[in-house]
Amino acid sequence: MFYCFLADGFEEIEALATIDILRRADIPVTTVGVGGDMIRGTHDIKVQADMHIDDFEIDENITGVILPGGMPGVKNLYAEERVRDAVSFCISRNLYVCAICAAPSILGRMGVLMDKRATCYPGFEDELLSAKVSADKVVVDGKIITAKGAGVALDFGFKIVEQLEGEVKAERIAASMQC
């Protein structure tokens, strides 16, 4: 099970496109609302989260976490201790941590990008502390997957599918979407 954390000010395309692609690939994803059940995106689109952060518990079924970008969504995610705990749990157990746009800055501030390749939305590179910053659109380093922003949200989702289910399945999902 992937958990995608949504906080007010999240970038809608980054979250919803990624969730959609994973679900098309039959990879379970649950959205977790930070600060409420109804979360308002940065472009004023409201999304009903599957669960509230108060009901979120890390368990043995977790495959990884997804952190969408957007402002102030990233600041709101970083401020929530349970989000940081989920990231730390995944890192400590070599599970997937996927962050796009400004969200890789959360990983940088947590110190989990030490000597890892990563990318982010331009202007946030200084927050990827000790990372090997890449100009690539999507970067995979072990179980950490990072991406630049909304314009590569589909590529981000396909890359997650590829890492879990293989390149053939990712390509099949992409073809079915006319990508």
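Residues numbered from 1 in each chain as written. Predicted model: local features only at pLDDT ≥ 70, side-chain atom pairs only at ≥ 80, totals over all residues. Heavy atoms only, no water.

## Structural notes on the overall build of the protein
Helix and strand counts for the protein come out as 6 helices and 11 strands. Seen along its three principal axes, the alpha-carbon backbone of the protein occupies a region of about 35 × 35 × 35 Å. Across the 179 residues that make up the protein, the buried fraction comes to 51%. Pairs at least 24 residues apart make up 63% of the contacts formed inside the protein by residues separated by at least 6 positions. Just so you have it, the protein exposes about 8000 Å², and 47% of that area is on carbon and sulfur atoms. On the protein, the mean spot of the 18 positive side-chain charges and the mean spot of the 28 negative ones are 3 Å from each other. (Helix = DSSP H or I, 4+ residues; strand = E, 2+ residues; numbered from the N terminus. Buried < 20%, exposed > 50% of the residue type's maximum accessible area, 1.4 Å probe, protein only. Contact = heavy atoms within 4.5 Å. Areas by Shrake-Rupley, 256 points an atom, 1.4 Å probe, with all protein chains shown as cover. Lys, Arg positive; Asp, Glu negative; His and termini not counted. Charge placed at Lys NZ, Arg CZ, Asp CG, Glu CD.)

## Some points on helix α3 (residues 81–92)
Taking 1.5 Å per residue as the helical rise, α3 with its 12 residues ought to reach 16 Å, and the 16 Å between its terminal C-alpha atoms agrees with that figure. Close packing links the buried residues of α3 with β1 (2–7), β2 (29–34), β6 (64–67), α2 (73–79), β7 (96–100) and α4 (104–110). A positive phi of about 55° marks N94, the residue just after α3. (Expected span 1.5 Å × (residues − 1).)

## Points about the packing of helix α5 (residues 153–165) against helix α6 (residues 167–176)
Taken N-terminus to C-terminus, the directions of α5 and α6 make an angle of 145°; their axes are 7 Å apart at the nearest point. Classified by chirality, the crossing of α6 by α5 is right-handed. Of α6, the residues touching α5 (which contributes F158, V161, E162 and E165) are E167, K169, A170, I173 and A174. (Axes fitted to C-alpha atoms, helices over the stretch in contact; angles between N-to-C directions. Left-handed = near helix turned anticlockwise from the far one by under 90°.)

## Some remarks on the pairing of β7
Residues in a regular strand project their side chains so that they alternate between the two faces of the sheet. With 5 of 5 residues buried, β7 is to be regarded as a mostly interior element. Neither face of β7 is left uncovered, since the one carrying Y96, C98 and I100 and the one carrying V97 and A99 both have all their residues buried. Examined bridge by bridge, β6 and β7 share 4 bridges and lie parallel to one another. Its bridge partner lying in β7, I66 is registered against C98. Sheet analysis places β7 next to strand β11 (residues 144–147), joined by 4 bridges and oriented parallel. Across the sheet, the residue bridging to C98 is I145, located in β11. (Pairing = 2+ DSSP bridges.)

## Quick word on the packing of aromatic side chains
Per the stated rule, a full pass over the model turns up 3 aromatic pairs. Arranged with centres 6.2 Å apart and planes meeting at 40°, the rings of F2 and Y96 form a pair that is tilted. You can see F2 sitting in strand β1 and its partner Y96 sitting in strand β7, a full 94 residues away along the chain. Taken as a pair, F2 and Y96 share a single burial class, namely buried. A centroid spacing of 5.2 Å and a plane angle of 80° characterise the contact between F5 and F56, whose relative ring orientation is edge-to-face. (Phe/Tyr/Trp six-rings, centres within 6.5 Å; stacked < 30°, edge-to-face > 60°.)

## Let's talk about the nonpolar core
In this structure, F5, V65, L67, L77 and L107 are the most contacted members of the largest nonpolar core, which totals 32 residues. The dominant element in this core, judged by the number of residues it contributes, is α3, at 5 residues. With near-sequence residues (within four places) excluded, L107 lies in contact with L67, V87, V97, A99, V112, L113, I144 and T146. Formed by 31 residues, the second largest nonpolar core is a distinct cluster that contains I27, C98, A153 and V161. (Core = buried A, V, L, I, M, F, W, Y, C linked by side-chain atoms within 4.5 Å.)

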